[in-house]
Every structure is written in C-alpha cells, then in structure tokens.
Amino acid sequence: MGLSIVSGGLAYFIPAAYTAVQATGQVVEIASPSPSGLLFSPTSSPSSPQQVGAFTVLLLGSDDDSKFSSDHVLTQSMILVRVMPATKTVVMLSIPRDLWLPLSTGGMGKIDGAYSYGRAGAAIATVQENFGVHINDYIWVGLLGLIRVIDAIGGIDIVTSNPVLDDYYPLDINTNSPYGYSRIAVLAGPQHLDGTHALQYVRSRHNDLQSDFGRSRRQQQVLLAIRQKAKQLSPEDIPALAQAIGGEIKTSIPLSRVAALLPLASSFDNPDAIRTIVLPSPYTHGGAPDGSLYPNWGYILPLVHQYFP
Amino acid sequence: MISRFLLGAFLAALMLVTGISTYLYLGGRQSHVSAAPLNPTLQTPSPRAFTLPGTLFLVQDGAIYSLSAGRFHQVTTAGGWMQPSLTVDGNLLVVRKSSFYSDIFELNRFGKRLKQLTFNAAPPRSYDTGNNHWAFYPRMASDGKTVFLSYDKPKGGYEVDMSIWSMPLNGGLRQGTDWTYSQGYTGGDMQPVPVKGGIIYTKYLRANDGSIISQIWFVNRPYPYTLYAGRALTKPDQDCREPSISPDGRSIAMICTYGKQISNLVVAPFNGSSIGAMKTVISNQMVAQPTWAPDGSGIAYLAPGLADAPFQLWFLPRNAYAPPPPGPSPSPSPIGGGPQSSPAGSPSPTPPPPVVVVKPIQITTYQGFDAASTLAWAT
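As the structure is a computational prediction, the values presented were derived from the model and not from experiment.

Regarding the overall build of chain A
Consideration 1: Scanning chain A from N- to C-terminus turns up eight helices and 14 strands.
Consideration 2: Looking at chain A as a whole, 57% of its 309 residues qualify as buried.
Consideration 3: Looking at chain A alone, contacts between residues at least 24 apart form 70% of all its contacts between residues at least 6 apart.
Consideration 4: As presented, chain A carries roughly 12,400 Å² of accessible surface, and 60% of it is formed by carbon and sulfur atoms.

Describing the nonpolar core
Note on soluble globular proteins: their nonpolar side chains tend to be buried together.
Consideration 1: Phe136(B) and Leu149(B) are the most contacted members of the largest nonpolar core, which has 38 residues in total.
Consideration 2: Among the secondary structure elements, those contributing two or more residues to this core are β1 (55-60), β4 (81-86), β5 (92-97), β6 (102-107), β8 (135-140), β9 (146-151), β10 (163-168) and β24 (376-378) of chain B.
Consideration 3: Among residues more than four places away in sequence, those in contact with Phe136(B) are Ala185(A), Leu187(A), Gln83(B), Val95(B), Lys97(B), Ser102(B), Leu149(B), Ser150(B) and Met162(B).
Consideration 4: With 34 residues, the next largest nonpolar core counts Met84(A), Leu99(A), Ile135(A) and Leu279(A) among its residues.

What to know about the state of the cysteines
Residue and element names in this part refer to chain B.
Consideration 1: Tallied over the full model, the rule gives one disulfide over all chains.
Consideration 2: Bridging Cys240 to Cys256, the disulfide has an S-S length of 2.1 Å. Since a negative S-S torsion denotes a left-handed disulfide, the Cys240-Cys256 link at about 105° is right-handed. Of this pair, Cys240 sits in strand β16 (residues 240-245) while Cys256 sits in strand β17 (residues 251-256); the two residues are 16 residues apart in sequence, bridging distant segments of the chain. Taken as a pair, Cys240 and Cys256 share a single burial class, namely buried.

Some thoughts on the interface of chain B and chain A
Consideration 1: With 65 residues of chain B in contact, the opposing surface of chain A contributes 50 residues.
Consideration 2: Together, the buried faces of chain B and chain A total about 4,600 Å²; carbon and sulfur atoms form 59% of this surface.
Consideration 3: Linking chain B with chain A are two salt bridges.
Consideration 4: Across the salt bridge formed by Asp167(A) and Lys155(B), the nearest N and O atoms sit 2.8 Å from each other.
Consideration 5: Joining chain B to chain A, the criterion identifies eleven residue pairs in polar contact (both at pLDDT 80 or more).
Consideration 6: Broken down by secondary-structure element, the contributors of at least two residues to the side of chain B that touches chain A are α1 (2-28), β4, β8, β13 (198-206) and β16 of chain B.

Considering helix α5 (residues 212-230) of chain A
Consideration 1: In a regular helix each residue adds 1.5 Å, so 19 residues correspond to 27 Å; α5(A) covers 26 Å between its end C-alpha atoms and thus fits that length.
Consideration 2: Among the 19 residues of α5(A), 14 are classified as buried, and the element is accordingly described as predominantly covered.

Some remarks on the packing of helix α3 (residues 143-152) of chain A against helix α4 (residues 195-203) of chain A
Residue and element names in this part refer to chain A.
Consideration 1: Running from N to C, α3 and α4 cross one another at 130°; their axes reach a closest spacing of 8 Å. Overall, the two elements α3 and α4 adopt an arrangement that is oblique. Viewed along their axes, α3 and α4 form a crossing whose handedness is right-handed. Taken together, the residues of α4 that come into contact with α3 (itself represented by Leu143, Leu146, Ile147, Ile150 and Asp151) are Gly195, Thr196, Ala198, Leu199, Val202 and Arg203.

Some points on the pairing of β16(B)
Residues and elements named next belong to chain B.
Consideration 1: The buried fraction of β16 is high, at six of six residues.
Consideration 2: As judged from the four bridges shared by β16 and β17, these two strands associate in the antiparallel manner. Note on β17: the bridge partner recorded for Ser244 is Ala253.
Consideration 3: Connecting the antiparallel pair β16 and β17 is a turn made up of five residues, with Gly249 showing a positive phi of about 75°.

Regarding the sheet that holds β24(B)
Residues and elements named next belong to chain B.
Consideration 1: Taken in spatial order, the four strands make up an open sheet running β3-β2-β1-β24, and their pairing is antiparallel. If you trace the sheet from one side to the other, it starts and ends with β3 (71-74) and β24, each paired once. Each neighbouring strand pair of the sheet contributes to a mean axis angle of 30°, computed without reference to strand direction.
Consideration 2: Bridge count for β1 against strand β2 (residues 63-68) is six bridges, and the pairing is antiparallel. The residue of β2 that forms the bridge with Gln60 is Ala63.

What to know about the pairing of β10(B)
All names here are of chain B.
Consideration 1: Burial analysis of β10 places five of its six residues in the buried class, the great majority of the element.
Consideration 2: Two strands pair when backbone bridges link them, and β9 and β10 are joined in this way by six bridges, in the antiparallel orientation. By the bridge assignment, Ser150 is partnered in β10 with Ile164.

Observations concerning the pattern of salt bridges
Any two side chains of opposite charge can pair, so long as their charged atoms come close to each other.
Consideration 1: Inspection of the entire model under this criterion finds ten salt bridges over all chains.
Consideration 2: For the salt bridge of Arg203(A) with Asp172(A), the shortest nitrogen-to-oxygen distance reads 2.7 Å. Of this pair, Arg203(A) sits in helix α4 while Asp172(A) sits in the loop between β8 (164-171) and β9 (180-186); the two residues are 31 residues apart in sequence, bridging distant segments of the chain.
Consideration 3: The exposure class assigned to Arg203(A) is buried, which follows from its relative accessible area of 9%.
Consideration 4: By relative accessible area, which is 2% here, Asp172(A) ends up buried.
Consideration 5: Linking Asp189(B) and Lys203(B) is a salt bridge whose minimum nitrogen-to-oxygen distance equals 3.2 Å. Taken together, the residues Asp189(B) in strand β12 (residues 189-195) and Lys203(B) in strand β13 connect sequence positions 14 residues apart. When sorted by exposure, Asp189(B) lands in the same class as Lys203(B), which is buried.

What counts and what doesn't
Residues numbered from 1 in each chain as written. Chains lettered and ligands numbered in written order. Predicted model: local features only at pLDDT ≥ 70, side-chain atom pairs only at ≥ 80, totals over all residues. Heavy atoms only, no water. Helix = DSSP H or I, 4+ residues; strand = E, 2+ residues; numbered from the N terminus. Buried < 20%, exposed > 50% of the residue type's maximum accessible area, 1.4 Å probe, protein only. Contact = heavy atoms within 4.5 Å. Areas by Shrake-Rupley, 256 points an atom, 1.4 Å probe, with all protein chains shown as cover. Core = buried A, V, L, I, M, F, W, Y, C linked by side-chain atoms within 4.5 Å. Disulfide = S-S within 2.5 Å. Buried area = accessible area lost by both parts, 1.4 Å probe. Salt bridge = Lys/Arg side-chain N within 4 Å of Asp/Glu carboxyl O. Polar contact = N/O pair within 3.5 Å; in protein donor to acceptor, adjacent residues only side chain to side chain. Expected span 1.5 Å × (residues − 1). Axes fitted to C-alpha atoms, helices over the stretch in contact; angles between N-to-C directions. Parallel < 35°, antiparallel > 145°, perpendicular 65-115°, else oblique. Left-handed = near helix turned anticlockwise from the far one by under 90°. Pairing = 2+ DSSP bridges.

These values are about where atoms sit, not about what they do.
See below:
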C-alpha cells in the first residue's frame, strides 16, 4: 500500500522534477577571475546580523526571439536582487542594458553583450568586476519564458503606472516574420495581466522618454507582482508550472535550494521592505559609443555598496 | 494456487487503485491560481450576496455583461468590447478594441449595434502601423449630443499620447475638438468625465525623479496647445486616477496609489471645479474603477477577491464613507452636572453608540472582470 502511494506521488512529481533538474543547478563558467573570490557560495559572509543568510541573485532577461541565434542573445534586462531573510527585506537594482564598460570577456562594450559573448558566467563576472558585488546565483529567462511563467501562475494583478502605447512594438514571437511590428495599448491602473500583456508592459520602450529606465521600473513592478502571486502556489502546483515553463528558464540555483526558497518568498509581506533602484542621471549619462551610457562610478559604487555589501 | 492467484490479483489491483488515487489526490490539491475565470452567466451572485440596485454593465474577456436583480446577462459576444458608459437615452457607448486600433460604438442595452462613431483603422494598403488610432473611454455630456473620449491625436514618430477630445454624437472626429495637450511620452490624458461647466480627467505627468504619476485635472474649455491649462485637483505624490462623480454631483471618488503597488479608494467633496478634503475609505485592496450607484446607496468597484482571485465586483455601502449623523445629544441637565460637579451628583453620561464598521461586500467570486474597463450603472 505504502509503495503504491509513493509510486503515485512519484508519477505526479517526476516529470516536474526532470524539468526542474534540467533548468536548475546550471554550471557556470566564469570568463575571468572574480574580484570577490569564491563564486556561488551558499550564502555570502555575514557582516552584520541583518546580513545573516543574505544572498544576491542576478536576474537576466533576454529577447530570445527568432531574430537572434539562440546561443547569442543580449540581456535586455539585468536586475541585481539582494534578499535579506533576517530582516525580510529585498533590494532590486536595475542595471541599464546600455551601460558602456569593460566586459569580462575582454574589451569595452555594452553590458547587455556580456551574456552573448560568454553566457551567464560572463554576465556575472562583468557585473561583479565592475560593481564590486558578490553574486551567489543567477536566473535567466527569455521572452517566452516570462509569458509562460506568468500564465502558469494565472496572470498577475498589478497597478500599471501609466498607459503604455507603442505603435512599433516588435512582432517577433511565434511568427514567421520577426521584423514585423504591432501596436500595443496597455492601459493604466489596477488590472489583471496575462503573460502576453505583461510582456508588452515591461518590454515596450518607444513611448517612454526614459526609454530603458522607464522600462526597468516597469520590470521591477512585474517582478513584485509575480512574487505576490507566487505566494498562493502550493507544492502540488509544481508539476503544472514546470511543464508550462519547459526549458524557458535557466538558473544556477540547485533544485534543493529552490524548494527552500519558496516558503521564504511567501514570508516577505511588507511592501515597504522592498526597495527598487534604477540608475538614471546622475548615475549614468549619455555620449558613449553606439548610443550607450557612461557609468558615473563615483555615484554608483557608494549606492551599490550600501545595499549590496 | 487459485487463492494465491486471486490474492495477487487483488493486491495488484489495490496498488493500482491506490497509486492512481494518490496521483488524483495530489492533482486535486493544486491551488487553482491558473483557473480561467467563470463566465458570469454561469454563476449568478450567491443567494446571500447583496443585490445591487439598477443595472450594472461590466466587462469580462472582451464581452459586455449586465447585472440586474442579481442575475448576469451577456450583452455582447466576446470581441474586444470594453469601457461601457451610458447615453442620456439609456443606450451604451462602448469601445471595440482590435489588435491595431479601437473604435467607439453606440449599442442599445441588448447589445444591438446602433452606430459606429469613429473609424480608426489605417487606410487600406497602409503598411505603417502608426496610421491606426486608438479611442478609449467614451462619455456622453449631459446635453445628449456631445461625446468626450481619449484619442491618440496628434502623434508622430514613436510618440503616442492620448488627448481628451469631444465630438458630436451624430458627427465624427472630423468635427471633433481637442480639449487637452498631453505631456509627451507619458501615455497622455485619459478617462474624461463630463461635469457641469467642464470635464475632469486623468492626466499622466512626469515626476521629478523621472517616474510617471497621475493627477485628476479639471478643464472648463478646450486648451489644445497648452500643457498646464486647467487645474490639477490632486497632488502629484497622491498619484490619483479613475475619477467618478456622484449622482448629485457633490462628491468625487477616485483611486490613489501614493506611489505604491496598491490603490486606495478615496472620496472627497466636489463643488464643480475643485475638491475638498480627501478621505481614504479603502486602503487594503487594489481598487479599480469606482462607480457610484445611481441612487446614491454606495460605490461599486473592482478588486481582487478573497485569496487574490482575479478582479471581482465589490460594493461599498454609503454608510462606510458617509456615516449618518449622530442622534441628538442629550440636553444638559439643569441640576448639577458639568465638569466641576461631583460624580455622585451628575447624571450618568450616555454611552456613545457603538461604532459600526461598514465593510465592503464582495458580490462575485470567480468571474474575473476587466479592471481596465469602466463600469456603467443605470437606474
């Protein structure tokens, strides 16, 4: 009897476990030595009681549409997330994708190219070397992955800050003509968004004077809404979730830690304990090659060291 | 041998049944977060639910529904219909949104198409997506002849911002008037509400830190080329939007986020062109589209339901934001009393009436309504 119960349970969870094992615990090759020493330690060295158990994750989002080779995609979104379980606080710092700086793979370039040249390891090393932070893990998600994640959790409830209108939104997912355009109108205010419309909200930048900075703010909003919705998930949802996501997400976080992090995510209840940061002027300024941005390290590094010790 | 065979077969069957039962049991324990909303006509509000007065029109998944006497009726098929409002004749002004453009239609209460007011599709054989237009949030003025709306003209290049326009009900946008000048690259001006002597609307503006905030504005005549014409009724850091005027015209309801991922329901006195002290009446829900009952009995709105189901219909009774005045206070006693008198000589003070906390009522449970779409409430 016990054996058959276990068998039924295994039959339920094994497909999810297989998908999860494939997506999690990704081995990362670091393109250059990290100034911070050992990478991917389970937790960073606690420097204060508030930092006990704290860890930093680099979230990477790519336009992995059919315009690009699947092996060479840029990271349109790079967000450093510092989680401090002791104080139940979270800090999210969006790194401008157009930041012009030394890449860990050599030479100067936009930071969004690091992943293209050297996968997650290069992206992590580039951030670590330039920002002086220690990154414990990374999570990479593509366009389709974001849609599927949000759809798999039944959509998100969000207060969109303003109408996002775009006459030339890329029509490059599930299409034979990836260079086409569509029009989008994501109206403002509290609403329920499915994956497709949430992607439109975070991806559009043409009608935003702050371009990538405005988009970064919206990405942070959606991440918080996903976290809020994920609090309702139960372990029995994992198979359906894993099936929906199917290979559209990669992470260095091992499966054993993913299970431990799920209850942690649900314990962060205070919205005031979540700080979101973007880096417009004076942290960055234009004039760099290819329309990119020069970092003003004199402003950036003190801010980073304050929140990512 | 036979008994052993039967025993083995029985145990095998038992294992099979137990294994399948375990599988099904685990499947049944899913959270249902991804369950699709129910069609409103398949589940009327529960018998215990509060029955709203009049007829309320709301939108789910591109179809318009009416709620009357506790029952839902489907007004249109699912086809991009949204943002209903009422004409003075009791018909509906609605938006039909497609992938590239949206148009305004007049329908009767049963969904029969009476008139198409705008034609926003790009000309045939036009390959520039920018040649299409959006029209949203139609509202009829009290004269019964003028329709206000948000319209994305003028625009150029990558800039697409809505302005408030008026147009004759029996004409077209060619005879329209541009009332406002939106700030570029913000999304513009939205959700006009005609009031006596002008309109109020939601204006999106860029704050000092670069983020975009919303304000309720009042304007009493067209100012098509001036960004700051008219008057702001709320402060930038209050981040208020989605205004709704009470049937007597003396109160305004709106939602304000104060920069957070929450939207408070706020009410304030309104004298026709400015508002009085703002009072937050709901602060723990993501409130959308507050709409006054035509009989003044309360405010309907959309907000996630219990356990964060998609946006449901809620109703806040009037007593929650306008409690009845207290009863007459006891007249002073002519003998003794007063603060200096001894306790023994004073009459026992009348205890204050117990404070009755009026809570919002959740009307629906699993429907999932379009919270970016206005509600229309007819008598």
